[in-house]
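Below, each chain spelled out in residue letters.
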Amino acid sequence: MRAGTPTTTGTTIRMGTDIILATRTTIPMAERIPYALVLLAWLSPGYPVGAYAYSHGLEWAVEAGDVRDEVSLRDWLADVLEHGAGRSDAILAAHAHAAAAAGDAEALVAVNDLALALSPSRELHLETSQQGRSFLDATRAAWDVPRLADIAPHLDGPVAYPVAVGAAAGAHGLDCGTVLAAYLAAFLQNLVSASLRLAPVGQTAGTRVVAALMPRAASLAHAVQGMPLDEAGTATVRLDLGSFRHETQYTRIFRS
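Residues numbered from 1 in each chain as written. Predicted model: local features only at pLDDT ≥ 70, side-chain atom pairs only at ≥ 80, totals over all residues. Heavy atoms only, no water.

**Some details on a nonpolar patch on the surface**
To be explicit about the condition: Surface patches are defined over residues having more than 30% relative accessible area and no salt bridge, joining like charges when they lie within 9 Å and nonpolar side chains (Val, Leu, Ile, Met, Phe, Trp, Tyr) when within 5 Å. Surface accessibility in these figures is a Shrake-Rupley result with a 1.4 Å probe; residues are shielded only by whichever protein chains are displayed. The rule for a salt bridge is simple: a side-chain nitrogen of Lys or Arg has to be within 4 Å of a carboxyl oxygen of Asp or Glu. Numbering of helices and strands runs from the N terminus, with a helix taken as a DSSP run of H or I at least four residues long and a strand as a DSSP run of E at least two residues long.
Where nonpolar side chains cluster on the molecular surface, the patch consists of Val237, Leu241 and Phe244 and spans about 270 Å² of accessible area. Structurally, the position occupied by Val237 is in helix H12 (residues 237–246).

**Some points on the environment of Gly103**
Inclusion rule: Partly exposed describes any residue whose relative accessible area lies between the buried limit of under 20% and the exposed limit of over 50%, with all areas from a 1.4 Å probe on protein chains only and scaled to the type maximum.
For Gly103, the position within the fold is in the loop between helix H5 (85–102) and helix H6 (105–117). Given the relative accessible area of 41%, Gly103 is considered partly exposed. Sequence separation of Gly103 and Asp150 is 47 residues, and the distance between their C-alpha atoms is 7.9 Å.

**Focus: the layout of surface pockets**
We apply this condition: As defined here, a cavity is a set of points on a 1 Å grid over the protein atoms alone where a 1.4 Å probe fits but cannot get out. A pocket is an open set with protein on both sides within 12 Å along at least five of seven lines, and residues line them when an atom is within 4 Å of a point. Grid points are joined across faces, edges and corners, and a volume is the space filled by probe spheres set on the points. Think of it as three bins: nonpolar holds Ala, Val, Leu, Ile, Met, Phe, Trp, Tyr, Cys and Pro, charged holds Asp, Glu, Lys and Arg, and polar takes everything else, Gly as well.
Computed from the structure, the largest pocket encloses a volume of approximately 980 Å³. Residue lining of the largest pocket: 50 residues in total, with Tyr161, Tyr183, Ala186, Phe187 and Asn190 positioned closest to the centre. Sorting the residues of the lining of the largest pocket by element identifies helix H2 (35–42), H5, helix H7 (122–143), helix H9 (161–172), helix H10 (176–198), helix H11 (203–223) and H12 as the ones contributing at least two each. With 11 residues, the single largest contributor to the lining of the largest pocket is H10. Partitioned by chemical class, the residues of the lining of the largest pocket number 30 nonpolar, 17 polar and three charged.

This is the structure we're talking about:
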């Protein structure tokens, strides 16, 4: 599958994210690359968003003893996925995708405002807004397309991470379901990577946890499509309270 819509550039010759044909039509980068490769690049640990610096409350959960082994890590991540930020972010990303695909800047700003307001603590607000701003800026610098260039200036302040990813994907014409599944998979993998550094599990156990939760991520990506924005929000109260306590945790290596 390919994505993107050709646009005519007149006499302007652009290099980098666009290619120039004999008819002087530019084709977005995403049109020449399969969805999977675009998303692998955007959601890889090497993309400059700083995801490695955040544990989404996992560091406090390890300190408190809530996460202490493979089983407790799997159960904790399953709750975060299905009742916490995983589900909520997927809903927000889907609406940002739709708004960007339609070129509706007003709707996109509304989704972003809601996403930021839903952050339950200072650290979790920082986690989503710093990654979102970094993602949007990096994608504009390397993967820009006309539709993204048109709507991105409306997100001129803090940007929630799922909104940034959804908006970029919608502007590039990437399939929404594929984007949501990839986003949730990357979310899980980043938290498992954090758990390896916090040491309640080893690499093999972490790999099993990822494998066990991938079907849930895929199912959730399908289920949230079409859900209204009213469905966004979390029900992970202990994680939210833990994110407050993490702010003053004596020993910590993560920013959340």
